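# A closer look at the structure
Given next are the chains, with one letter for each unit.
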Amino acid sequence: MARALIDDMLLFLLPFVAFGLWLVLSRRNPLRWAAWSDQALRLALAGAALVVASFVVVALTAERHQDGFVPTHIENGRVVPGQFR
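Cut-offs used in this document
- Residue positions are counted from 1 within each chain, in the order its sequence is given.
- Thresholds applied to this predicted model are a pLDDT of at least 70 for local features of residues and 80 or more for the giving and counting of side-chain atom pairs; totals over whole chains, interfaces and linings are not thresholded and use all residues.
- Side-chain metrics rest on all non-hydrogen atoms present in the structure, leaving aside hydrogens and water.
- The numbering of helices and of strands both runs from the N terminus, where a helix is a DSSP run of H or I of at least 4 residues and a strand a run of E of at least 2.
- Helix span, as expected, comes to 1.5 Å for every residue beyond the first.
- For each residue, the accessible area found with a 1.4 Å probe, counting protein chains only, is set against the maximum for its type, and the residue is called buried under 20%, exposed over 50%, and partly exposed in between.
- Relevant arc is that of directions from the helix axis to the C-beta atoms, nothing else.
- UniProt positions are given in the numbering used here, feature names are shortened, and annotations may be inferred rather than shown by experiment.
- One side-chain nitrogen of Lys or Arg within 4 Å of one carboxyl oxygen of Asp or Glu is enough to make a salt bridge.
- Pairing of aromatic rings covers Phe, Tyr and Trp, the last through its six-membered ring, and needs centres within 6.5 Å; plane angles under 30 degrees mean stacked, over 60 mean edge-to-face, and all others mean tilted.

In this model helix H3 (residues 40–61) runs 32 Å from its N-terminal to its C-terminal C-alpha over 22 residues, within 8% of the 32 Å that 1.5 Å per residue would give. Of the residues making up H3, those classed as buried are Leu 43, Gly 47, Val 51 and Ser 54. Taken down its axis, H3 places every buried residue within 80° of arc, on the same side. The exposed set on the far side of H3, more than 90 degrees from its buried face, consists of Leu 41, Arg 42, Leu 45 and Leu 60.

Below you can see the structure in the form of structure tokens.
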């Protein structure tokens, strides 16, 4: 679960990193708020769009199981772990 949250956080921050890199390459100071203030909303929306797009891609390409899940149960006195069948 932590990996999924970190992946989504990195996707959200990607536009900010790209803009900061562009500021450095265009010889502007990336540490001044004036450079970021006009673009902050656009960068946040772009990051949110990347996260939503990743959710859609995962939803469309996730492995589907045709059979159901058999929960953990006891057979002949032994515990049988749950599994997809």
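Mapped onto the fold, Leu 13 is located in helix H1 (residues 2–25). Considering only alpha carbons, one finds Leu 13 and Val 51, 38 residues apart in sequence, at a separation of 9.9 Å.

We now examine the UniProt feature "transmembrane region" (unreviewed entry) in the protein chain. Sequence positions flagged by UniProt for "transmembrane region" (unreviewed entry) are, in local numbering, residues 42–62. Between the end C-alpha atoms of residues 42–62 there is a gap of 30 Å, over a span that is 95% helix and 0% strand.

Okay, the pattern of salt bridges next. Tallying each qualifying case throughout the model produces one salt bridge. Put simply, Arg 3 and Asp 7 hold a salt bridge, and the shortest N to O gap is 3.7 Å. Of this pair, Arg 3 and Asp 7 are both found in helix H1, four residues apart, which corresponds to roughly one turn of the helix. Exposure remark for Arg 3: the relative accessible area of 66% places this residue in the exposed category.

The next point concerns the packing of aromatic side chains. Scanning the model with the defined rule gives four aromatic pairs in all. On the numbers, 5.7 Å between centres and 25° between planes, the contact of Phe 19 with Trp 22 is stacked. In this pair, Phe 19 and Trp 22 are both assigned in helix H1, three residues apart and thus about one turn of the helix distant. Owing to a relative accessible area of 43%, Trp 22 belongs among the partly exposed residues under this scheme. Taken together, a centroid distance of 5.2 Å and an interplanar angle of 65° make the contact between Phe 69 and Phe 84 edge-to-face. Remark: Phe 84 occurs in strand E4 (residues 83–84) and Phe 69 occurs in strand E1 (residues 69–70); sequence separation between them is 15 residues.

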